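Summary of the model geometry
Spelled out from the first residue to the last, the chains are:
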Amino acid sequence: MSKLKVAIVGLGKMGLLHSSILGIIPNVEVVALCDKSFVLRRIAKKLFKRSAVVDDLEKLQNLSLDCAYVTAPIPAHFPIVNDLYSKISVSNVFVEKTLASSWNNADQLCALSEKNRGVNMVGYMKRFSVTFSKAKSLLEENILGELDSFRGSAYSSDFANINQASQGLSRGGVLSDLGSHIIDLALWFFGDFKVEDAVIKSSMNNSEDEVTFKVRGSNLTGEFDVSWCKENYRLPNFALTVHGDKGTLTVNDSNVIVESSGKKPLILYRPALNDNVPFLLGDPEYYREDEHFIKSILNGDSAEPSFRTASKVDYIIDKVKKEA
Amino acid sequence: MSGSGKKLLLVGDNPFHGISHLSEDRARARGSEINMPDFAAKLVQVSLENGADGFMFSVSETTLSILRTLRKNMDNNSPLLYAIVPYAYEYVRLATHLGTVGLARKVAKQVIFSANLRAVGAGLKCIITMDPKDILKAYLLYEVSRIRSAIGKSFSLESIMLHEVVTEMIIALNLDWLAKSYIKYVSDLGIKPGFETRNFAYLVDKFQEWGIDFKKIVITSAFNGAGFQMNPSKEICEAALTRVPESNVIAMSILASGYLKLPEAAQYSKSLSNIKGVVVGVSKEQHAYETFNFLREKFRD
């Protein structure tokens with residue numbers, strides 16, 4: 001079986017992470033890396049001696065690529081993915097979250113991907129966490145009965161006590177950076193919802209640092225609280241608390257807790273949820289999402305979250321910004 | 001590493017950085033006292049007085065302050081020091097603020113403006129060559145100089161270990177030349193080179209393929225009865241351990257991030273005859289006293 005030829009576009013920390021994991025997954029070969037930075041390209045040439053290291057997407061044209069990973073900053077996703085489909089003829093594309101920096105652009109990329117009929121996926125890696133997967137399956141088993149409401153939070157200390165804008169703001173603001181994960185999880189758990197009320201606060205120059213908003217689904221209401229200025233959140237923390245007529249479920253990266261009246265709480269810790277992977281780099285979720293994408297290509301299946309699924313997150317982010 | 005066959009007990013620094021893998025809420029609930037170098041140094045000292053042989057730490061301003069305090073309080077009785085570089089969290093946070101290229105520039109400036117002449121020379125060389133081997137050497141010199149400035153001549157650095165993120169990239173990308181260059185360079189500094197990994201079995205396979213001498217390096221990896229972070233599986237990691245009896249393997253995550261109790265953890269660690277030591281974090285004085293007395297009795301003796 002010939003190996004899938006992969007290109008990585010964007011050599012930041014996510015580009016290095018995915019290229020390392022792809023080096024382990026069977027039947028995959030990273031044949032090219034692309035980045036605008038001269039420094040990163042020079043270092044990459046020494047680390048990836050068997051791969052082409054280029055500064056321009058057009059130089060990927062003659063490599064007969066099977067798929068590409070887009071790990072550049074969010075504002076660059078739209079032009080890069082557009083070129084990959086239209087100029088380089090790559091049909092299978094993985095994009096780090098978010099798909100684009102606006103819903104309009106995300107929708108155009110969905111249309112392009114559908115025209116190309118390849119496998120496409122966005123890196124919402126929290127779907128591959130053992131705790132969030134377990135919580136979803138418990139909810140599908142109706143453990144809480146009729147769902148009533150939920151609260152989602154995404155916090156980090158990335159910009160706590162920082163009063164000036166930094167390069168990190170190119171990540172697109174806290175909603176795209178942190179909030180997109182918890183919005184994606186909520187859409188995955190509960191289906192579509194409408195944004196009703198939103199507040200955006202800024203701690204740095206015109207940046208989007210703290211966001212709260214309320215949503216309404218077909219049978220439940222929800223609230224979100226997102227901030228990258230929280231103290232004591234050394235690592236990003238994502239959590240969902242779900243209320244139903246039979247009890248409450250709380251899930252985060254560490255555990256799942258189900259509380260029902262009159263019963264002892266059910267607590268499932270991550271170490272008890274079979275969290276091992278063939279190769280761990282960063283978090284196990286990264287290996288699982290890369291494996292899912294590659295297997296989908298090899299088996300001719302579709303991958304989730306697809307561009308179309310993930311574009312709903314871009315839609316919600318746009319709505320929150322309009323409501324605020 | 002102890003050549004006497006005596007099992008090593010090391011106190012780890014995770015709680016001092018606000019880490020609890022079992023529950024982030026629990027880490028936050030510990031309060032800020034544990035992040036204060038004087039309090040943390042006291043915990044390390046209590047651990048050392050109750051059976052710990054040394055301290056394993058990521059090199060950060062917090063842990064360097066702990067070392068300065070320990071040096072003042074401990075006369076010349078040097079604990080075994082195992083340093084892990086880089087302190088990944090600090091660098092990921094910097095990359096968030098500065099971007100990857102901005103991070104590279106900042107680290108290069110730190111190395112070049114450090115007072116260590118060898119580090120400055122190596123730093124200038126790596127800017128010219130952009131060779132990962134030269135970059136790693138300059139960075140290691142810089143970190144070793146920071147540690148030595150904190151510990152003075154009274155303490156000695158037993159081992160410097162590559163953080164798991166770097167180790168995993170080396171083995172994933174087949175960078176045998178970088179691993180060998182690192183081992184030689186650190187050995188030439190009179191320090192034992194080490195690797196932290198959460199892919200123990202994969203690392204053993206790669207290092208055997210590359211002909212790396214396991215006697216000359218230290219490996220720190222997760223070993224616990226729950227199989228937590230023993231990738232790809234507990235059984236495969238245990239089997240890999242039996243293939244390298246000559247290795248210096250220190251078990252971390254023996255409590256599976258708090259999921260297991262200490263007696264169970266000690267029993268499991270003791271059952272792995274090729275484990276040369278364990279590293280455990282503590283967050284209270286009483287905890288330090290109980291943990292290391294227990295491990296001394298049930299794991300080491």
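1. Considering helix α8 (residues 307-323) of chain A
An α-helical turn contains 3.6 residues, so a residue and the one three or four places further along point in the same direction. Residue and element names in this part refer to chain A. The end-to-end C-alpha distance of α8, which contains 17 residues, comes to 24 Å, matching closely the 24 Å that a straight helix rising 1.5 Å per residue would cover. For α8, the complete set of buried residues consists of Phe 307, Thr 309, Ala 310, Ser 311, Lys 312, Val 313, Asp 314, Ile 316, Ile 317 and Val 320. As for α8, its buried residues are in contact with α4 (103-116), β6 (120-122), α6 (174-190), β8 (194-201) and β9 (210-216).

2. With respect to the sheet that holds β6(A)
Residue and element names in this part refer to chain A. Taken together, 6 strands build an open sheet; the order of strands is β3-β2-β1-β4-β5-β6 and the sheet is parallel. Looking at strand neighbours, the two that pair on one side only are β3 (52-54) and β6, the edges of this open sheet. Across the sheet, the mean angle from the axis of one strand to that of its neighbour is 20°, orientation sign disregarded.

3. Some thoughts on the confidence of the model for chain B
Taken residue by residue, chain B gives an average pLDDT of 88. The fraction at 70 or more is 91%. Model confidence for the complex: the whole-complex pTM is 0.93, and ipTM, which rates the interface, is 0.93.

4. Side note on the sheet that holds strand β12 (residues 247-252) of chain A
Residues and elements named next belong to chain A. The strand order β8-β9-β10-β7-β11-β12-β13-β14 describes an open sheet built from 8 strands, whose pairing is mixed. Of all the strands in the sheet, just β8 and β14 (266-269) have a single pairing partner and so form its edges. Ignoring which end each strand starts from, the neighbouring axes of this sheet average 10° apart. In this sheet, strand β10 (residues 221-227) lies alongside β9 in antiparallel orientation, the contact comprising 7 bridges. Across the sheet, Val 215 pairs through a bridge with Gly 222, a residue of β10. Helix α5 (residues 130-140) contacts β11 (237-244), β12, β13 (255-259) and β14 of the sheet and is inclined by roughly 160° relative to β12. Sitting on the sheet, α6 is in contact with β7 (147-155), β9, β10 and β11, with an inclination near 155° to β7.

5. Thoughts on the environment of B:Val218
Mapping B:Val218 onto the fold places it in strand β6 (residues 218-222). Through-space distance from the C-alpha of B:Val218 to that of B:Ala150 is 23 Å; in sequence the pair is 68 residues apart.

6. Digging into the interface of chain A and chain B
With 36 residues of chain A in contact, the opposing surface of chain B contributes 40 residues. If one sorts the elements of the side of chain A that touches chain B by residue count, helix α2 (residues 38-47) of chain A sits on top with 6 residues. Along the lines of polarity and charge, the residues of the side of chain A that touches chain B split into 16 nonpolar, 13 polar and 7 charged.

7. Quick notes on the environment of B:Val204
Residue and element names in this part refer to chain B. Relative to the helices and strands, Val 204 is located in helix α9 (residues 200-209). Between the C-alpha atom of Val 204 and that of Val 244, which follows or precedes it by 40 residues, the distance is 7.9 Å. Beyond its immediate stretch of four places on either side in the chain, Val 204 contacts Ala 240, Arg 243 and Val 244.

8. Focus: the pairing of β7(A)
Residue and element names in this part refer to chain A. Alignment of β7 against β11, held across 8 bridges, turns out to be antiparallel. Its bridge partner lying in β11, Leu 147 is registered against Gly 244. Summarising the sheet, β7 and β10 pair through 7 bridges and their orientation is parallel. Bridge pairing in β10 places Ser 149 opposite Thr 221.

Definitions and cut-offs
- Residues numbered from 1 in each chain as written.
- Chains lettered and ligands numbered in written order.
- Predicted model: local features only at pLDDT ≥ 70, side-chain atom pairs only at ≥ 80, totals over all residues.
- Helix = DSSP H or I, 4+ residues; strand = E, 2+ residues; numbered from the N terminus.
- Expected span 1.5 Å × (residues − 1).
- Buried ≥ 20, exposed ≤ 12 C-beta atoms within 10 Å, placed from the backbone.
- Contact = placed C-beta atoms within 7 Å.
- Pairing = 2+ DSSP bridges.
- Axes fitted to C-alpha atoms, helices over the stretch in contact; angles between N-to-C directions.
- pLDDT = per-residue confidence, 0-100.
- Nonpolar A, V, L, I, M, F, W, Y, C, P; charged D, E, K, R; others polar.

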